[in-house]
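A structural walkthrough
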Amino acid sequence: NVASNVASKKRVSKTQMQQTILKNCQVFRSLDEIAQLIDRNPQYVKNHYITAMINAGLLERKYPMNHPNQQYKAKKNE
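These lines cover the structure that appears in this document, whether it is placed above or below. (Residues numbered from 1 in each chain as written. Predicted model: local features only at pLDDT ≥ 70, side-chain atom pairs only at ≥ 80, totals over all residues. Heavy atoms only, no water.)

We now examine the pairing of strand β3 (residues 71-74). Pairing analysis gives 2 bridges linking strand β1 (residues 29-30) to β3, with the strands arranged antiparallel. What sits directly across from R29, in β3, is Y72. (Pairing = 2+ DSSP bridges. Helix = DSSP H or I, 4+ residues; strand = E, 2+ residues; numbered from the N terminus.)

Okay, structure coming up:
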């Protein structure tokens, strides 16, 4: 399992972490679910990965910004 490989390591490249997040977000997932999968703090994941991935067009939000039940999913390549 890719996520468990990333979770077991403390230092992982940003690219490897982003690929792991994308592979595990084929369906909408909450920030807590994503953070738990990669064994990182939810706020850290949001600040270091989620925001950048949304800006890069890799992830999409289920709801408008700052929704209390926000979830994220990998964008499909057109």
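After that view of the structure, there is still more to cover.
Spatially, β1-β3-β2 is the arrangement adopted by the 3 strands of the open sheet, whose pairing is antiparallel. Taken across any chain shown, the strands that pair with only one partner, and hence form the sheet edges, are β1 and β2 (59-61). Relative to β2, helix α4 (residues 42-55) is tilted by about 90 degrees, and along the sheet it contacts β2 and β3. (Contact = heavy atoms within 4.5 Å. Axes fitted to C-alpha atoms, helices over the stretch in contact; angles between N-to-C directions.)

Here we take up α4. Taking 1.5 Å per residue, 14 residues should reach 20 Å; α4 reaches 18 Å between its end C-alpha atoms and fits that length. Remark: the principal bend of α4, roughly 35 degrees, maps to Y49. All buried positions along α4 are accounted for by V45, Y49, I50, M53 and I54. Along its buried surface, α4 packs onto α2 (14-24), α3 (31-37), β2 and β3. (Expected span 1.5 Å × (residues − 1). Bend = angle between axes of the 7 residues up to and from the residue. Buried < 20%, exposed > 50% of the residue type's maximum accessible area, 1.4 Å probe, protein only.)

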